[in-house]
Each structure stands twice: as C-alpha cells, then as structure tokens.
Amino acid sequence: MTFGKIYFISDHAVSAFKTRLNCQELSTKQTRDYILSELQKENLAFYERYNHRIQPVYQGEYNGSVFFIPVHKEVKKTDAWDVVPTILLPGMKTYSKNLEMLSVEEAAKKLEVSQEQVIQFLKDGRLKFDPRVKHVIKIYKLEVRRLNQELLKERSIC
C-alpha cells in the first residue's frame, strides 16, 4: 500500500490504537497502515498546543468508533516526517498534564487578581483554557501566553 503523505507512527500510537479500539488481533503493520490511511483523508478535527506550537489533530474511525490522531512536528529536525505520538479517544488530550482545574475564584487567588480580571484575561486571550469545560476553568499552566485561536473560533465562553 502506498500513501501520499508519510508520518512516523510511534510504537506507543500502535499500542494505544490496539488497546483503546479493542483490536489486539491487528498486526503492527496493519495498525500503522490503518492509521496512515485515516490520515490521508485529512479529516481535521481540532488543534492543540504541543511543544509551544499549535498542531493539528485528525479524526479517524475504526469499526464505528471515533478516534483522534494528533500530529506533531519535530522541533529539532528540519527534514523529518510528522509524528503520531498516540491515539486518543473523544475527551482525551495529549496536553492534559499541562492543565489545572480551577474555579474562577481559585484562579483569581492564584494570580492575585479579582475574579472579574480572570474573566477579562480569558476573554482577552491572556490565559489559555479548555472552553468545553463548563463548571470550572481548565486553565493551562500560567506561563502559556495565549489561547488556542483555532478552538476559540469554533467555541465561545459559557
């Protein structure tokens, strides 16, 4: 099988695909070929921030189950294939370890500002957050400087 665009699919991505989509019977080659074939469709689902860059996450489907394929650019290599580090199910993100769950009140205390200022910081894009979380703000660690602009175009703060 030949593909128009090649990606490096990590061993972890192969393992995650088999585990998360319950298809242990697939060989490593079959799994990589399936992921590559889904990437050829270029079904862009959303963007995420990784290695200080906004990077695409594509959607795939296997036996009726939706999954996501994050694609990361190699930072230190100039002529490298894009990398698929893992396979995600709906609701999963590769950057979750960089997030803190905070209420507006907790964020205000942490930043030493008023709650109104936290809300304004969010509106102004001075804090990066996950807009799908409704009851608390899932704020990225405070050194992150701006919102993921691609997500903000599609969603609004509730």
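Quantities reported herein were computed from a predicted structural model and do not represent experimental measurements. (Residues numbered from 1 in each chain as written. Predicted model: local features only at pLDDT ≥ 70, side-chain atom pairs only at ≥ 80, totals over all residues. Heavy atoms only, no water.)

All right, on to the packing of aromatic side chains then. Within the structure shown, the criterion is met by five aromatic pairs. Relative to F67, the ring of F17 lies with its centre 5.3 Å away and its plane at 85°, an arrangement referred to as edge-to-face. Taken together, the positions of F17 in helix α1 (residues 11–20) and F67 in strand β4 (residues 65–70) put the pair 50 residues apart, joining distant regions of the chain. Seen from their ring centres, Y34 and Y62 are 5.1 Å apart, and the 90° between their planes marks the pair as edge-to-face. Residue Y34 is found in helix α2 (residues 28–40), and its partner Y62 is found in strand β3 (residues 53–62); the two are separated by 28 residues along the sequence. Under the relative-accessibility criterion, Y34 is labelled partly exposed at 24%. Note on Y62: relative accessible area 10%, which makes it buried. In this structure an aromatic cluster arises from ring pairing among F17, Y34, Y62 and F67. (Phe/Tyr/Trp six-rings, centres within 6.5 Å; stacked < 30°, edge-to-face > 60°. Helix = DSSP H or I, 4+ residues; strand = E, 2+ residues; numbered from the N terminus. Buried < 20%, exposed > 50% of the residue type's maximum accessible area, 1.4 Å probe, protein only.)

Inspection of every chain in the model, using the stated rule, returns five salt bridges. For the salt bridge of D82 with K5, the shortest nitrogen-to-oxygen distance reads 3.5 Å. Of this pair, D82 sits in strand β5 (residues 82–84) while K5 sits in the segment before β1 (7–9), placing them 77 residues apart in sequence. The exposure class assigned to D82 is buried, which follows from its relative accessible area of 10%. A salt bridge links R32 to D11, with the nearest nitrogen and oxygen atoms 2.7 Å apart. (Salt bridge = Lys/Arg side-chain N within 4 Å of Asp/Glu carboxyl O.)

So, on to the pairing of β3. Relative to β3, strand β2 (residues 44–50) runs antiparallel, the two being bridged by six bridges. Bridged to E48 within β3 is Q55. In this structure, β3 lies alongside β4, joined through six bridges in antiparallel fashion. Opposite Y62, over in β4, you have S65 as the bridge partner. (Pairing = 2+ DSSP bridges.)

We now examine the sheet that holds β4. Taking strand neighbours across the sheet as the criterion, the three strands line up as β2-β3-β4 in an open arrangement whose pairing is antiparallel. The open sheet has two free edges, formed respectively by β2 and β4, since each of these has just one partner strand. With direction set aside, neighbouring strand axes in the sheet form an average angle of 35°. The strands touched by α2 are β3 and β4; relative to β3, the strand with the most contacts, the crossing angle is about 110°. (Axes fitted to C-alpha atoms, helices over the stretch in contact; angles between N-to-C directions. Contact = heavy atoms within 4.5 Å.)

With that out of the way, let us pick up the side chain of Q55. Within the secondary structure, Q55 is located in strand β3. Within the structure, Q55 has its side chain in polar contact with the backbone nitrogen of K73 (distance 2.8 Å). Discounting chain neighbours no more than four positions away, the residues touching Q55 are F46, Y47, E48, Y50, V71, H72 and K73. (Polar contact = N/O pair within 3.5 Å; in protein donor to acceptor, adjacent residues only side chain to side chain.)

Scope: geometric values only; no functional claims are made or implied.
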